[in-house]
Every structure is written in C-alpha cells, then in structure tokens.
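A look at the structure
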Amino acid sequence: MSRLMLGGTLERICKGVVLLCLLHFLIMMILYFDVYSQRFDIFSRFNNGRNGSRNNASGAGSGHHYYYYNLSRPNATLASYLATGEQLVPSMQPENNQTPSPKPLPPCPENPPGLVGRLLIEFSSQMTMERVQKENPNVTEGGRYTPPDCRPRWKVAIIIPFRHRENHLKYWLHYLHPILRRQRIDYGIYIINQLGEDTFNRAKLLNVGYTEALKDAEYDCFIFSDVDLIPMDDRNLYHCYDQPRHFAIAMDKFGFRLPYAGYFGGVSGLSKKQFLKINGFPNEYWGWGGEDDDIYNRITLNGMKVSRPDVRIGRYRMIKHERDKHNEPNPQRFNKIQNTKNTMKKDGISSLTYRVVDVKKYRLYTNISVEIGKPPPRPIKG
C-alpha cells in the first residue's frame, strides 16, 4: 500500500517537473524572440540612421530631414510614428518653414532727417508728365506713396479742386512729390475736376474730394490745396495737427505776409474728426471768394483755433495766371460769411450732392471728374 502511495507521489512530482520544464522552455522562447526582435530593431535603426546621414550629407542645405521608424512592432504604421515623431526623435524635428513675421516699423520721426529747408521754386523751365514720372519712380498708381522704413502717424489725402489747369498741375506734381516723400508722408493725391463751364465752386469740390478719397482708403487727415501754390520750404510738414492747420500763410502775391488775421485760404488741413465737427465746407459759395472765411468761422464757432507754421517756413510761390473764366467774384459772399452760424449745420458735408462721371488712376495722381450742379439764379437788382 505504501509502495503504491509512494509511486503516485513520484508520478505527480515528475509531472510537476515536466510542467515546470515546459513553462521554463516557453518563457525562454518568449525572451529569446523578444531579444531577437530588439536586435532587429537596433540594426534597422542603425542602417536607417546611416542612410539618413548619407542623404543629409549629399543634400546639405536642401532643408530636408530624414527619420527612422521601427515598423516591426505590432500594429505599427508610418502614420502613427509620424504622429509621435516629436517623442521619438525630438532632436530631429523639421524646422519651421514659415516666414518670420516682419518686425514692426518704428514711428516716423517728427523732424525727418532728409529735409532740405528753403527751396528754389521757379516756373520758367518746361515741365512734362514724363519727366515728373521719371523723377518719382517710387510713387505708385493713383499718386500713392508710403514710407518704406517708418510708420507715419497720419494717412493723408491731398485734395485739389481743379478745372483747366493742366500746366499748373505738372509743376505742382514736380515739386510736391519729392517734398512729401522727404517728409515721410503716407499720402494719396486726388484731383477733383469740375466738369462743364458753369460757375466754379471750390469748397464744394473739396467736400467731394473728402468723400471720394475715403472710398479709396482709410484716410484720417486731409490737406486741401490750390493747384497754383508751391511751398518754398519742405519743413512745412503736410500732415494734420491738434488744431486745424493753415499752411499757406506767406504767399509771394501778398508780400510774404498774412493778408488778415482770419485768412484761411490757399492750403489748409483738417483731421477727419475736425472736418466732421464743422460739417465740412459750405456748398453754396459759387464763384471766387468767401468760402475760406466761412471755413474759418466754422472752426472758431466750434471751439477750435487755427494753427500755423512759422512765417519763415510757411512761404509759398504762386504760379501766375489770368483769372479763370466762370470764376468771377461772388457778390453774395459777404452776406453769407455773416450768416455762418446759422448755415453751417445744414450746409456742408451732410447736404452734399454730386455725380461722379469718371475716375482715372494715373501714376502721379487720381483724377475724379464730377458734376456738382449749377448755382441758384442770382436775385435781380432793383
């Protein structure tokens, strides 16, 4: 009986040993294949890395990078390794190919260093548009210019009321484009051409210029200039100021003096905010004279003051010419000037009507031809 029990025990022990041996063999096989797989992975990485080095050496400077991936792992795909490339090979990530954003430009200096000062202005030499274009290669279509090296404080629309003054315009462009570029002004030039031969209306054309320029760009400063006035000093900076600006304070035709304290003619400038505060300019001054005094009254009645440059800097030369036809002195101007307080809220940019007939963008300026209507019939004397 005891022998039978001993035999059964030995049989169970042998079976257990056999099972342990099988388990040990199974574990050894698992470890063997795992080590073999790792060795295969190492050689794969080495070979791929060596090939990548060769490719990089042969394509140096091409900007391409080569990576290795262990695709022998279960469920491994190239896409999965591309997705986790940052964790696998952080030192070999692709460079950022995006163009770095340009550094913001510094503000333009208040006193531009390239200014000349007093200028020699003469009108005896013949002037052509071809010559002016060659002199100003950096001016773009529509008479636009932006300083390439600094950020101007103002975006300026220069507005010129116009009719039959082609010869004057050539001289104006010849002198003003270089001056404005030296002043580091971001600007566009707009010629507002009154069509037809009815009585000229300077102030209404200026209102049209303000409205049309804003359709072209987001201007915040407006310079209103007669086409026959040329500044004699480029330190007379064509931008806006804290108060409405009168630039042409010393014309040669007035002996380089201000004709009277309230004079606001020739060349003036207002910011968009200032212009809207006075409801723009009057529309009902047909013929020569009076509109500048009305504008001066609008400024003072709205609590603003006119600023001016030094008299030595604000000097201008006028191109001599005969008085324009259909621009005779306005006999009603004196009565209108006295009623500015009553008329400025209803007569101005808020009541402006006109019709644009044609817009052409030339290299040196934008020409806007408009119909602005006819003056009301004048009362019969007596």
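Bear in mind that the values here come from a model prediction, so they are computed numbers and not experimental data.

What to know about the packing of aromatic side chains
Inspection of every chain in the model, using the stated rule, returns 14 aromatic pairs. Through a chain of ring-to-ring contacts, the aromatic side chains of Tyr210, Phe222, Phe224, Phe275 and Phe281 assemble into a single cluster. Here Arg245 stacks its cationic end above the ring of Tyr241, 3.9 Å away from the centre of that ring. Stacked on the ring of Phe256, the Lys or Arg Arg315 has its end atom at 3.8 Å from the ring centre.

Thoughts on the sheet that holds strand β10 (residues 366-371)
Reading across the sheet, the seven strands line up as β5-β7-β3-β1-β2-β10-β9 and stay open at both edges, with mixed pairing between neighbours. Each edge of the sheet is formed by a strand with only one pairing partner; in this case those strands are β5 (245-246) and β9 (355-361). Sheet topology note: the strand β2 (residues 186-194)/β10 ladder contains five bridges and is parallel. Counted as the bridge partner of Ile192 is Ile368 from β10. Of the strands in this sheet, β1 (155-162), β2 and β3 (221-225) are in contact with helix α5 (residues 166-182), which crosses β2 at around 165 degrees. Contacts from helix α6 (residues 202-216) reach β1, β2, β3, β9 and β10, with the element oriented near 140 degrees to β1.

Topic: the side chain of Asn279
Tracing the backbone shows Asn279 in the loop between α7 (272-277) and α8 (291-301). Among the residues examined, Asn279 registers a relative accessible area of 10% and is labelled buried. Setting aside its immediate chain neighbours within four residues, Asn279 contacts Arg298, Met344, Lys345, Lys346, Asp347, Gly348, Ile349 and Ser350.

Some thoughts on the sheet that holds strand β8 (residues 315-318)
Ordered in space as β4-β8-β6, the three strands form an open sheet in which the pairing is mixed. Each of the sheet's edge strands pairs with one partner strand only, and the pair in question is β4 (229-231) and β6 (250-251). Inspection of the sheet shows β4 paired to β8 by three bridges, in the antiparallel sense. Bridge pairing in β8 places Pro231 opposite Tyr316.

Here's the deal with α8
Counting buried residues along α8, eight of its 11 residues qualify, which places the element largely inside the surrounding structure. Restricting attention to buried positions, one finds in α8 the residues Glu291, Asp292, Asp293, Asp294, Ile295, Asn297, Arg298 and Ile299.

Points about the pairing of strand β7 (residues 267-271)
With five of five residues buried, β7 lies mostly within the body of the structure. Of the two faces of β7, the one holding Val267, Gly269 and Ser271 and the one holding Ser268 and Leu270 are both buried throughout. Pairing of β3 with β7, which is carried by five bridges, proceeds in the antiparallel orientation. Within the sheet, the bridge partner assigned to Cys221 lies in β7 and is Ser271. Two elements, β5 and β7, share two bridges in a ladder whose sense is antiparallel. Within the sheet, the bridge partner assigned to His246 lies in β7 and is Ser268.

Some words on the confidence of the model for the protein chain
Overall, the prediction assigns the protein chain a mean pLDDT of 82, with 75% of residues at 70 or greater. pLDDT under 50 marks residues 35-94. Its contacts with residues more than four places away, or in other chains, come to 37 contacts.

What to know about the state of the cysteines
A complete count under the given rule lists two disulfides for this structure. Each sulfur in the disulfide pair Cys108 and Cys150 lies 2.0 Å from the other. The sign of the 85 degrees torsion about the S-S bond sets the Cys108-Cys150 disulfide as right-handed. Of this pair, Cys108 sits in the loop between α3 (85-88) and α4 (129-135) while Cys150 is found in the loop between α4 and β1, placing the two residues 42 residues apart along the sequence. Each member of the pair, Cys108 as well as Cys150, carries the same accessibility label: buried.

Calculation criteria
- Residues numbered from 1 in each chain as written.
- Predicted model: local features only at pLDDT ≥ 70, side-chain atom pairs only at ≥ 80, totals over all residues.
- Heavy atoms only, no water.
- Phe/Tyr/Trp six-rings, centres within 6.5 Å; stacked < 30°, edge-to-face > 60°.
- Lys NZ or Arg CZ within 6 Å of the ring centre and 35° of its normal.
- Pairing = 2+ DSSP bridges.
- Helix = DSSP H or I, 4+ residues; strand = E, 2+ residues; numbered from the N terminus.
- Contact = heavy atoms within 4.5 Å.
- Axes fitted to C-alpha atoms, helices over the stretch in contact; angles between N-to-C directions.
- Buried < 20%, exposed > 50% of the residue type's maximum accessible area, 1.4 Å probe, protein only.
- pLDDT = per-residue confidence, 0-100.
- Disulfide = S-S within 2.5 Å.

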